[in-house]
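# Structural overview for review
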Amino acid sequence: MTMTDDATLVLPAAQPRLPAALVAERVSAWFGDHQVLEDVDLAMAAGEVTALIGPSGCGKSTFLRILNRMHELVPGASLAGQVLLDGHDIYDPELRPIESRRRIGMVFQKANPFPTMSVHDNVLAGLRLTGRRTRRSTSDDLVERSLRSAGLWEEVKNRLGTPGSSLSGGQQQRLCIARALAVRPDVLLMDEPCSALDPTSTRRVEETIRSIAGEVTVVIVTHNMQQAHRVSDHCAFFLAAEGKPGYIVEQGRTEDIFERPQDERTSDYVNGRFG
């Protein structure tokens, strides 16, 4: 895959609010001379939740960042293979990276609202970062709709002018989800979004994930096996031997991965016998 910031091709627009399928084909990745992923094939179904599970260091987060072209931002990083969004390669050399990142959003492990920006303006920040503007008459509706989708509206509707940093940790994470949804992505990537949250906040974020799955395709990295079981429709189990790149041992419907795994290593991992 050739990586460029100069070209102008734009991906064909997706139908409004219809999630898109995301497919990785023979994806391998390196940091300098160190290979971290080898020949990963994974289809992430439109409108469903795919969980990436596996022990630390097996390439899950790297793979997630490859899915919206963040991997290329790391000095010395390279990759091979294809990532197809509704059949179009997001690494097409004529495609602007910002367009891929608009259609494939990201929520990080640590909530990162703009601390001095109001809740209202935090929701709209993603649009501004992608160079899109909204009229005031429509922006208020967009803010409400995004906060409702993120399960946060009732908690903050009377606090829209307060700084995003004034919210609790769980609320800040859902604010970041609302900010990502405001851009109307086809896919939302989530890198351990609940790892820093208390059980109550975790439950609310999980409820949000399940509620938005019909609007967007969700791919989540999690080390919490109970969470993967609760929120996902599909699972992919990553593993890496000592000194070897990560790869997918097994993938399939979540109930099959947890209840009828085909590989003994999968069974050992989901049942807590290693990792």
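Refer to the preceding data block for the structure.
Summary of the structure given here.

Calculation notes
Residues numbered from 1 in each chain as written. Predicted model: local features only at pLDDT ≥ 70, side-chain atom pairs only at ≥ 80, totals over all residues. Heavy atoms only, no water. Pairing = 2+ DSSP bridges. Helix = DSSP H or I, 4+ residues; strand = E, 2+ residues; numbered from the N terminus. Axes fitted to C-alpha atoms, helices over the stretch in contact; angles between N-to-C directions. Contact = heavy atoms within 4.5 Å. Buried < 20%, exposed > 50% of the residue type's maximum accessible area, 1.4 Å probe, protein only. Phe/Tyr/Trp six-rings, centres within 6.5 Å; stacked < 30°, edge-to-face > 60°. Salt bridge = Lys/Arg side-chain N within 4 Å of Asp/Glu carboxyl O.

## Considerations on the sheet that holds strand 7 (residues 187-191)
Reading across the sheet, the six strands line up as 6-7-8-3-9-10 and stay open at both edges, with mixed pairing between neighbours. The outermost strands of the open sheet, each flanked by one partner alone, are strand 6 (104-107) and strand 10 (247-253). Sheet twist, expressed as the mean angle between neighbouring strand axes with direction ignored, is 15°. Bridge count for strand 3 (residues 49-53) against strand 8 (residues 217-221) is four bridges, and the pairing is parallel. Bridged to threonine 50 within strand 8 is valine 219. Seen against the sheet, helix 7 (residues 199-212) touches strand 3, strand 7 and strand 8 and runs at an angle of roughly 145° to strand 8.

## Considering the environment of glycine 57
Examined against the element boundaries, glycine 57 turns out to sit in the loop between strand 3 and helix 1 (60-66). The exposure class of glycine 57 is exposed, given its relative accessible area of 73%.

## With respect to the sheet that holds strand 5 (residues 88-89)
The strand order 2-1-4-5 describes an open sheet built from four strands, whose pairing is antiparallel. At either margin of the open sheet sits one strand with a lone partner, and together these are strand 2 (34-44) and strand 5.

## With respect to the packing of aromatic side chains
Enumeration according to the criterion identifies two aromatic pairs in this entry. Plain terms: the ring middles of phenylalanine 237 and tyrosine 269 are 5.1 Å apart, the flat faces sit at 25° to each other, and that makes the pair stacked. Placement of phenylalanine 237 in strand 9 (residues 234-239) and of tyrosine 269 in helix 10 (residues 264-270) is noted, with a sequence separation of 32 residues between them. Residue phenylalanine 237 shares its accessibility class with tyrosine 269, and that shared class is buried.

## Focus: the pairing of strand 6
For a regular strand, side-chain orientation follows a simple rule: the groups alternate between the two sheet faces. Of the two faces of strand 6, both are covered, the one formed by Ile104 and Met106 as well as the one formed by Gly105 and Val107. Both strand 6 and strand 7 contribute to a ladder of four bridges, which runs parallel. Directly across from glycine 105, in strand 7, lies its bridge partner leucine 188.

## Points about the pattern of salt bridges
Under the defined criterion, the tally for this structure stands at 17 salt bridges. A salt bridge links glutamate 99 to arginine 102; the nearest nitrogen and oxygen atoms lie 3.2 Å apart. With glutamate 99 and arginine 102 both in helix 2 (residues 97-103) and three residues apart, this pair spans about one turn of that helix. As far as burial versus exposure is concerned, glutamate 99 and arginine 102 are alike and both buried. The closest approach of N and O atoms between arginine 148 and glutamate 154, which form a salt bridge, is 3.6 Å. Salt bridges linked by common partners bring Glu144, Arg148, Glu154 and Lys157 together as one network.

## Side note on the pairing of strand 4 (residues 77-85)
The pairing of strand 1 (residues 22-31) with strand 4 spans eight bridges and is antiparallel. Bridge assignment links alanine 24 to a residue of strand 4, and that residue is valine 83. In this structure, strand 4 lies alongside strand 5, joined through two bridges in antiparallel fashion. Looking across to strand 5, one finds that leucine 85 is bridged to histidine 88. What sits between the antiparallel neighbours strand 4 and strand 5 is a turn of two residues, in which aspartate 86 has the positive phi angle 50°.

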